[in-house]
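Next come the chains, spelled out residue by residue.
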Amino acid sequence: MRNMKMVEKEEEEEESCLQSIRYQRGSLHLLDQRKLPLNTIYLDIPDAAHAWEAIREMVVRGAPAIAIAAALSLAVQVSKPDHQFTGTPHEAASFLISKLDYLVSSRPTAVNLSDAATKLTDIVINSAATATDAHQVFQAYIEAAEIMLEEDVASNKAIGTYGSSFILNHRKDINKLSVLTHCNTGSLATAGYGTALGVIRALYADGVLERAYCTETRPFNQGSRLTAFELVHDKIPATLIADSAAAALMKAGRVHVVIVGADRVAANGDTANKIGTYSLALSAKHHGVLFFVAAPLTSIDLSLSSGEEIVIEERSAKELLNTRGGLGEQVAASGISVWNPAFDVTPANLIDGIITEKGVITKVGNEVFDIKGFVQKTMSN
Ligand code: MRU
């Protein structure tokens, strides 16, 4: 991997260990999530090339965090004093757009990255139309990327609030709920607070969370390394389970709700999320457990009519053959072939609701989601 500068070792500050993205104008540092939970090390990301590699290698992961880190890396690159650019405003826009296209190629499944790139592309094209020099276009880009960072935390908190009250309304029969979640959708996967884990945080803050269960999330262990770390940090009562224990846990009646995040939600509600989500949804349906997706509107891709069209990233065999997501020692038999999709698609019929920052999308007449109608309505408000 590109020689990334390590800026801090063994960081001890309480709060900052849950901050995956540290940004101030001209400087971006990403928490190396491959080293968690044992080491807190931030890497210096001076440009788009370093961000591309950091995203591909899972230094930063989680759909919203990937999008924001990519956008900010380019903001840092063009705000450096040594970034000499002598072209016209239109050439500045073309430069930014080509870097955005390149960043989008780092990981294919999460739509947040391409959604951010499309929005930023529109902004730089509009800016180039009126700018008198390239600097103004770069400035417009930097400001827009910084707004994305600010908006993500606010949107996650709204997801938490909507999710908590909606779920409580649906399970008025019990005083305290136990929730199962998968992968990591918390502060580390976003600019802060989290989506599915944000709903768990909100339920806990509302005093109605009995216990959070988190899966290990093999093979990269985002659950045992990252979600468990966040839950322990926040002192939320929590239990780690093997992925294969989820059905037994539901059968034992110990889970009332499953809440997961999303990497891409198609127009019909089919949802791509971390591999294993589909099994959880099947199991939840079988056991009569509610199943919710929590995701910002930036995770919705109305251009895809169904989940069939979602491109699923396949990752290196080493993640299964070796420990520590491929970085550690070999544990599988040499010569075995491997299939390692990073995500799967849960069909909409297994999903009870999609919790967004604008409210919860439910099924019309309990049959299908009208996601397009919901999005249009929120935009006209
Ligand atoms: O491969 P990862 O760790 O990037 O996968 C992350 C997930 O699948 C998350 O559930 C999803 O991105 C939502 S994060 C708020």
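In this report, we go over the structure that sits alongside the text. Within each chain, residues carry numbers counting from 1 in the order of the written sequence. Only residues with pLDDT of at least 70 get local features here, since the model is predicted, and only at 80 or more are side-chain atom pairs given and counted; chain-wide, interface and lining totals rely on the full set of residues. Based on all heavy atoms of the structure, the side-chain values leave hydrogens and waters out of the count.

### Some remarks on the sheet that holds strand β15 (residues 359–361)
Item 1. Read from one edge to the other, the open sheet built from seven strands follows the order β7-β6-β5-β8-β11-β14-β15, with strand pairing classed as mixed. A single partner strand is all that each edge strand has here, and the edge strands are β7 (238–241) and β15. Taking the axes of each pair of neighbouring strands and ignoring which way they run, one obtains an average angle of 25° across the sheet.
Item 2. Strands qualify as paired when DSSP identifies two bridges or more between them. Secondary structure counts use DSSP, requiring at least four H or I residues in a row for a helix and at least two E residues in a row for a strand, with both numbered from the N terminus. Taken together, the four bridges between strand β6 (residues 209–215) and β7 define a ladder with parallel strand orientation. In the sheet register, Ala-212 faces β7, and the bridge partner there is Ala-238.
Item 3. Here, two residues are considered to be in contact whenever any of their heavy atoms come within 4.5 Å of each other. In this analysis, axes come from line fits to C-alpha atoms, helices being fitted only over the stretch in contact, and the angle between any two N-to-C directions falls in the range 0 to 180 degrees. Contacts from helix α9 (residues 277–287) reach β5 (177–181), β8 (257–260) and β11 (290–294) within the one sheet, and its direction differs from that of β11 by about 145°.
Item 4. Running at roughly 160° to β15, helix α11 (residues 371–380) makes contact with β14 (353–356) and β15 of the sheet.

### Looking at the environment of Pro-64
Item 1. Take Pro-64: it is sitting in helix α2 (residues 63–79).
Item 2. The class for Pro-64 is buried, based on a relative accessible area of 9%.
Item 3. For the pair formed by Pro-64 and Ala-294, sequence separation is 230 residues and the distance between their alpha carbons is 12 Å.
Item 4. Aside from chain neighbours lying at most four places away, what touches Pro-64 is Asn-112, Asp-152, Ala-189 and Thr-190. Only protein chains enter the accessibility calculation, which uses a 1.4 Å probe. A residue is then buried if its area is under 20% of the maximum for its type, exposed if over 50%, and partly exposed in between.

### Quick look at the site of the ligand
Item 1. Proximity is defined per residue: any heavy atom of the residue falling within 4 Å of a molecule or strand makes that residue near it. Lining the immediate surroundings of the ligand are 18 residues, of which Arg-107, Gln-222, Asp-263, Asn-273 and Lys-274 lie closest.
Item 2. Within the side chain of Arg-61, an N or O atom sits 2.8 Å from an oxygen atom of the ligand.
Item 3. Counted as a polar contact is a pair of N or O atoms within 3.5 Å, where, for protein atoms, one must be capable of donating a hydrogen and the other of accepting one, and residues adjacent in sequence contribute only when both atoms are in side chains. Gly-62 is positioned such that a nitrogen or oxygen atom in its backbone is 2.9 Å from an oxygen atom of the ligand.
Item 4. Relative to its unbound accessible surface of 410 Å², the ligand loses 99% to contact with the protein.
Item 5. Of all elements in the fold, only α2 and β10 (271–274) reach the threshold of two or more residues within the shell around the ligand.
Item 6. Residues belonging to the shell around the ligand are distributed by class as follows: seven nonpolar, seven polar and four charged. Surface exposure here means Shrake-Rupley accessible area, sampled with a 1.4 Å probe, where a residue is shielded only by the protein chains that are shown. Note on residue classes: Ala, Val, Leu, Ile, Met, Phe, Trp, Tyr, Cys and Pro are nonpolar, Asp, Glu, Lys and Arg are charged, and everything else, Gly too, is polar.

### Some remarks on the pairing of β14
Item 1. Neither face of β14 is left uncovered, since the one carrying Gly-353 and Ile-355 and the one carrying Ile-354 and Thr-356 both have all their residues buried.
Item 2. Pairing analysis gives three bridges linking β11 to β14, with the strands arranged parallel. Considered in β14, the bridge of Phe-292 is made with Gly-353.
Item 3. Pairing of β14 with β15 involves three bridges; the strand directions are antiparallel.

### Description of the packing of aromatic side chains
Item 1. Any Phe, Tyr or Trp ring, taking Trp's six-membered ring, that has another such ring centre within 6.5 Å forms a pair; planes under 30 degrees apart are called stacked, those over 60 apart edge-to-face, and the others tilted. Overall, the coordinates contain five aromatic pairs when judged by the stated rule.
Item 2. Look at Trp-52 and Tyr-102: their rings are 5.8 Å apart centre to centre, the planes differ by 10°, and that puts the pair in the stacked class. In this pair, Trp-52 sits in helix α1 (residues 48–56) while Tyr-102 sits in helix α3 (residues 89–104), placing the two residues 50 residues apart along the sequence.
Item 3. For a lysine, the NZ atom is tested; for an arginine, the CZ atom; a charge sits over a ring if that atom is within 6 Å of the ring centre and within 35 degrees of the ring normal. Lying over the aromatic face of Tyr-42, Arg-22 brings its terminal NZ or CZ to 4.0 Å of the ring centre.
Item 4. Sitting over the ring of Phe-343, Lys-274 keeps its end group 4.5 Å from the ring centre.

### Considering the side chain of Thr-227
Item 1. Here Thr-227 shows up in helix α7 (residues 222–233).
Item 2. A polar atom in the side chain of Thr-227 sits 2.6 Å from the backbone oxygen of Cys-183.

### Digging into unusual backbone geometry
Item 1. In this chain, Leu-36 is followed by Pro-37 through a cis amide linkage whose omega measures 10°.
Item 2. Within the secondary structure layout, Pro-37 lies in the loop between β3 (27–31) and β4 (42–44).
Item 3. Here Arg-218 and Pro-219 are connected by a cis peptide whose omega angle stands at 5°.
Item 4. If you trace the backbone, Pro-219 turns up in the loop between β6 and α7.
Item 5. Residues other than glycine seldom take positive phi values, yet Arg-324 does so here, at roughly 50°.
Item 6. The topology assignment puts Arg-324 in the loop between α10 (318–321) and β13 (343–346).
Item 7. The exposure class assigned to Arg-324 is exposed, which follows from its relative accessible area of 59%.

No statement about biological role is implied by the geometric values presented.
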